[in-house]
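An overview of the molecular structure
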Amino acid sequence: MDAMRARLIIGFFVLIAVLIFANWLAGRILASQVDHQLRQFAETDDRIDYDHKKISVNPAFGSLTIEKLIYESESDHIRADKITGSLTYADMWRIIRKRSENPMENVRSFRLNAQSVSVTLTADARGSETPDGEPVSVSFRSLTGIYNGRLDELSGIAADNRPPGFNHRLNISADDISVTGFPEITGADLPILAGYKIPENISHISLQIRYRAQEKSASLSAFRIESPELVFRANGLVTFGETGWPDEPESWSLDYDLSASTHELARLPISPRLGGFSMDTMSVSSSVTFDKSDAGRHPLTLPGKNRLHLGNISWYPPDHITEQYGMMFNMFGIPESRLPVRALDATWELGEDTLRIEEATFYTEPFDALLSTIVALPADRDPDIVEGSIRFVRTSADFNDFIDGFEGLFQIDLPRKDGRIHLDFSGDPASPELNVDLP
């Protein structure tokens, strides 16, 4: 009995030793394949040096660790203090069993976390120039990615001219990001943020992209950018045709919220002939749809529903406005070179041939006014205001004195509803006609 117990104990330890050896051997094979893939990437350019301190794989726990990874050329680099990852057991044993030259073709799912990552790329590496010729540098305190799909197809997805044939899902999140040298975003890069600059310090970025091959559509969800000056959230859906992948999607639908608290970020697509504007805060909420013919348009001019809040606005009117209305500005004690507005709240819906401003409220020192209007936008002629109204919901004493003097001078009574001035207008948006009976 003692001899059998001894044999069982010895057999158990032998089995443990065999499993440990098999795990070590499988880890060496996988680590070698990871190193081979990383080295192959570096060998695509003779100017790139590749190095690392250690690569280790533990198949028993499905874990990968890379320490001190470096890709470096004379002016560019990619560095990460530590990268940890995990694969499913099915993927690991598929890679070990097949021992192919490209293990990525056997990966269906993985998770990666990188600590202290920095990337610097010159203009030549990006294929474009920045205005000041400075390289783009991005650093992350931490970066996490989760992927499900076909990694072999994902690796060449941007170079292909046809939509992917398999489903893909990618989750990315990053914290404490520093960005320098990044050029202004264009409509071709990301239409919804066209004209804005990426903040230099970003607290958090996260997003999920899910591509469905059968529908040829990609959904964007939980997209969030947070910085001290800006918060941006978005969800959307992009559909593609058989051609034009990936630069020319057939259509977009997007719901987004943007809040900004600096002059640089809070900009609007307003005609220069209306003067200059600045503001302390801006928030926009929109639900818009557009197709590839609208790629160059600003998001606020796209069909859909929009809500806008602007805080502490300053309007710097052009010369022709101050020459015409400067005296009136001075009557209210407002400097004619800068007109302050406490806030603006607006809600509007833009269709294919109609603009409906459901409610726009201007909060100023002399008065608070509420505007609503319907503007026809026919394709074959100029826009026309079908109907519009302005109602003064609050007026200051100085403004009331001005109105009394104006009505006395011209011997008219401005229209009122519920004791408040109410003006109707219509016609050309550039010079609308007030519907006021003059003597």
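Preceding this section is the structure that the text describes.
It should be emphasised that the depicted structure is a prediction, and the values quoted were computed from it without experimental measurement. (Residues numbered from 1 in each chain as written. Predicted model: local features only at pLDDT ≥ 70, side-chain atom pairs only at ≥ 80, totals over all residues. Heavy atoms only, no water.)

Okay, the environment of Tyr325 next. If you trace the backbone, Tyr325 turns up in helix α5 (residues 319-331). We classify Tyr325 as partly exposed; its relative accessible area is 35%. (Helix = DSSP H or I, 4+ residues; strand = E, 2+ residues; numbered from the N terminus. Buried < 20%, exposed > 50% of the residue type's maximum accessible area, 1.4 Å probe, protein only.)

Positioned with a positive phi, Ala222 is a non-glycine residue whose angle comes to about 55°. Tracing the backbone through its elements, the reader meets Ala222 in strand β9 (residues 217-226). A positive phi angle is found at Asn312, which is not glycine, with a value near 50°. The residue Asn312 is located in strand β14 (residues 304-316) in this model. Of the residues examined, Asn312 reaches a relative accessible area of 40% and is grouped as partly exposed.

Using the criterion set out here, one finds eleven salt bridges in the structure. Close ionic contact of Arg39 with Asp35 constitutes a salt bridge, the shortest N to O distance being 3.5 Å. Highlighted residues: Arg39 and Asp35, both in helix α1 (residues 2-42), separated by four residues, approximately one helical turn. Across the salt bridge formed by Arg342 and Glu365, the nearest N and O atoms sit 3.8 Å from each other. Taken together, the positions of Arg342 in strand β15 (residues 339-350) and Glu365 in the loop between β16 (354-363) and β17 (367-376) put the pair 23 residues apart, joining distant regions of the chain. By relative accessible area, Arg342 is classed as partly exposed at 38%. Several salt bridges share partner residues, and in doing so they unite Arg342, Glu365, Asp368 and Arg394 into one network. (Salt bridge = Lys/Arg side-chain N within 4 Å of Asp/Glu carboxyl O.)

Here we take up the packing of aromatic side chains. Evaluated as defined, the whole model comprises nine aromatic pairs. A ring pair is formed by Phe399 and Phe402, whose centres lie 6.5 Å apart and whose planes are at 40°; its orientation type is tilted. Of the two residues, Phe399 and Phe402 are both situated in helix α6 (residues 397-410); the distance of three residues between them amounts to about one turn of the helix. Classification of Phe399 by relative accessible area gives buried; the value is 6%. For Phe402, a relative accessible area of 18% gives the class buried. Among the aromatic residues, ring-to-ring pairing joins Phe367, Phe392, Phe399, Phe402 and Phe406 into one connected group. (Phe/Tyr/Trp six-rings, centres within 6.5 Å; stacked < 30°, edge-to-face > 60°.)

What follows covers the pairing of strand β6 (residues 136-148). Of the pairings in the sheet, the one linking strand β5 (residues 109-121) to β6 comprises twelve bridges and is antiparallel in character. Residue pairing across strands places Phe110 opposite Tyr147, the latter belonging to β6. Bridge count between β6 and strand β7 (residues 168-180): eleven bridges; the pairing is antiparallel. Across the sheet, Leu143 pairs through a bridge with Ala174, a residue of β7. (Pairing = 2+ DSSP bridges.)

Here we take up the side chain of Ser286. Checked against the element boundaries, Ser286 lands in strand β13 (residues 281-291). Under the relative-accessibility criterion, Ser286 is labelled buried at 6%.

For the rest of this paragraph, the subject is the nonpolar core. In terms of nonpolar packing, the biggest core is built from 55 residues, with Phe232 and Tyr256 touching the most fellow members. If you look at the next biggest cluster of nonpolar residues, it comprises nine residues, including Phe392, Phe399, Phe402 and Ile403. (Core = buried A, V, L, I, M, F, W, Y, C linked by side-chain atoms within 4.5 Å.)

Glancing now at the environment of Leu25. If you trace the backbone, Leu25 turns up in helix α1. Residue Leu25 is classed as partly exposed on the basis of its relative accessible area of 38%. The sequence separation of Leu25 and Pro59 amounts to 34 residues, and the corresponding C-alpha distance is 9.5 Å.

By secondary structure assignment, the location of Leu344 is in strand β15. With a relative accessible area of 13%, Leu344 lands in the buried category. In sequence terms Leu344 and Ile313 are 31 residues apart; their C-alpha atoms lie 8.0 Å from each other. Not counting residues within four places of it along the chain, the set of residues in contact with Leu344 comprises Leu308, His309, Leu310, Ile313, Thr361, Phe362 and Tyr363. (Contact = heavy atoms within 4.5 Å.)

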